[in-house]
Amino acid sequence: MRRICVIAQREWASLWVTPMGYGVAALFMLGAALIFLAGFWPGGEATMAPTFTGVSWLLAVLTPAVSMRLLSEESKTATLELLWSAPLRDMDIVLGKWLGAMAYLSVLLLLLAVPAGVLWLNGSPDVGQMLCGWAGLWLVAGLYLAMGLLISAATDSQLLAYMASVFLIGLVTLLTAMLPYAAFVGPWQRSAMFYMNVPAQFADFSAGVIDPTNVAFFITGVALFLFLAIQVLAARRQATRRW
């Protein structure tokens with residue numbers, strides 16, 4: 001556990017000393033502000049639900065910008081070999097990277113307290129609903145980050161890692177929302193696709209409802225993609241040893 005924490009702290013610190021880290025934070029703040037203002041008007045309902053929904057889509061394009069460098073950069077600069085030469089397991093590296101990046105994304109999500117404060121000063125929002133929405137966004141960010149980490153483990157190119165991560169996230173957001181309506185999709189396939197749709201799983205959180213089924217979906221998804229990332233990294237380690 002100590003080794004995982006060391007890698008997480010290293011990753012957390014590196015995200016705050018690079019232009020990319022501040023650039024993603026700036027884009028997140030700008031995007032979240034615009035989304036909030038688009039649904040905020042005098043006399044309107046005092047709720048953060050539209051903001052949370054919009055931010056969940058914003059995470060689909062910003063989270064890959066964080067995950068793309070986690071392992072791709074290590075591989076490109078040959079520092080991945082240094083990690084492999086240390087007494088570290090592939091699981092330590094992957095979990096440490098994910099936890100460090102999640103700490104960074106958690107700070108960004110906490111910045112939503114600003115529009116929430118504005119809403120509080122102008123109305124009486126449901127605190128429980130807001131907390132549920134935050135929890136849902138954290139789970140969405142964790143899932144997208146795990147998916148991006150898998151892609152980052154498989155390539156040396158950060159640009160390719162970003163594009164492939166956005167594509168993969170698109171599969172569990174847009175494709176699983178549109179494809180079920182195709183004529184060739186059967187009933188059980190349609191139900192499976194609706195279940196795999198991330199926005200649909202997040203909708204209950206945004207509405208202030210925590211369903212154990214939705215929580216299980218995100219936790220299982222994070223565990224699956226982190227497991228796959230560990231396997232990909234292990235395969236790359238073995239390939240390097242053969243050479």
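Bear in mind the structure is a predicted one, so any value in this text is a computation, not a measurement.

A. Inspection of the overall build of the protein chain at higher detail. Along the backbone of the protein chain there are 12 helices and zero strands. Its helices and strands taken in sequence order, the protein chain reads α-α-α-α-α-α-α-α-α-α-α-α from the N to the C terminus. Once local pairs closer than 6 in sequence are excluded, the contacts in the protein chain between residues at least 24 apart make up 79%. For the protein chain, the exposed area adds up to about 12,000 Å²; of that, 73% sits on carbon and sulfur atoms.

B. Structural detail: the environment of F227. Along the chain, F227 turns up in helix α12 (residues 212-242). Put simply, F227 and V94 are 133 residues apart on the chain and 8.8 Å apart in space, counted from C-alpha to C-alpha.

C. Spatial organisation of a nonpolar patch on the surface. The grouping of W57, L174 and M178 at the surface amounts to a nonpolar patch, some 320 Å² of accessible area in total. Examined against the element boundaries, W57 turns out to sit in helix α3 (residues 49-67). With a relative accessible area of 37%, W57 lands in the partly exposed category.

D. View of the pattern of salt bridges. Per the counting criterion, the structure on display carries four salt bridges. Put simply, R3 and D92 hold a salt bridge, and the shortest N to O gap is 3.6 Å. Of this pair, R3 sits in helix α1 (residues 2-15) while D92 sits in helix α6 (residues 90-110), and the two are 89 residues apart along the sequence. Taking the relative accessible area as the measure of exposure, R3 reaches 33% and is therefore partly exposed. D92 gets classed as buried once you look at its relative accessible area, which sits at 0%. Here R89 makes a salt bridge to D92, at a shortest N to O gap of 3.0 Å.

E. Representation of the nonpolar core in the model. F28, L59, Y104 and L112 are the most contacted members of the largest nonpolar core, which has 64 residues in total. A total of 15 residues in this core trace back to one element, the largest contributor, which is helix α8 (residues 127-154). Setting aside residues no more than four positions away along its own chain, F28 makes contact with V55, L58, L59, L62, L108, L109 and L112.

F. Quick peek at helix α2 (residues 19-38). Compared with an ideal rise of 1.5 Å per residue, which puts 20 residues at 28 Å, α2 spans 28 Å between its outermost C-alpha atoms and is within 8% of the ideal. Among the residues of α2, those classed as buried are G21, V24, A25, F28, G31, A32 and F36. With its buried residues spanning 140° around the axis, α2 presents them on a single face. Facing away from the buried side of α2 by over 90 degrees, the exposed positions are P19, L34, L37 and A38. Looking at the packing, one finds that the buried side of α2 touches α1, α3, α6 and α7 (113-122).

G. Here's a closer look at empty space enclosed by the protein. For the coordinates displayed, the defined rule picks out one cavity of 30 Å³ or more. By volume, the largest cavity amounts to about 30 Å³. Lining the largest cavity are S56, W57, Y144, T173, V198 and P199. The set of elements that each furnish at least two residues to the lining of the largest cavity consists of α3 and α11 (198-206). A breakdown of the residues in the lining of the largest cavity according to their chemical character gives four nonpolar, two polar and no charged.

H. How the structure looks around the environment of V127. Within the secondary structure layout, V127 lies in helix α8. Sequence separation of V127 and A116 is 11 residues, and the distance between their C-alpha atoms is 9.7 Å.

Calculation rules
- Residues numbered from 1 in each chain as written.
- Predicted model: local features only at pLDDT ≥ 70, side-chain atom pairs only at ≥ 80, totals over all residues.
- Heavy atoms only, no water.
- Helix = DSSP H or I, 4+ residues; strand = E, 2+ residues; numbered from the N terminus.
- Contact = heavy atoms within 4.5 Å.
- Areas by Shrake-Rupley, 256 points an atom, 1.4 Å probe, with all protein chains shown as cover.
- Patch = residues over 30% accessible without salt bridge, like charges linked within 9 Å, V, L, I, M, F, W, Y side chains within 5 Å.
- Salt bridge = Lys/Arg side-chain N within 4 Å of Asp/Glu carboxyl O.
- Buried < 20%, exposed > 50% of the residue type's maximum accessible area, 1.4 Å probe, protein only.
- Core = buried A, V, L, I, M, F, W, Y, C linked by side-chain atoms within 4.5 Å.
- Expected span 1.5 Å × (residues − 1).
- Arc of directions from axis to C-beta.
- 1 Å grid on protein atoms, 1.4 Å probe; cavity = no way out; pocket = protein on both sides within 12 Å on 5 of 7 lines; lining within 4 Å.
- Points joined across faces, edges and corners; volume = space filled by probe spheres on them.
- Nonpolar A, V, L, I, M, F, W, Y, C, P; charged D, E, K, R; others polar.

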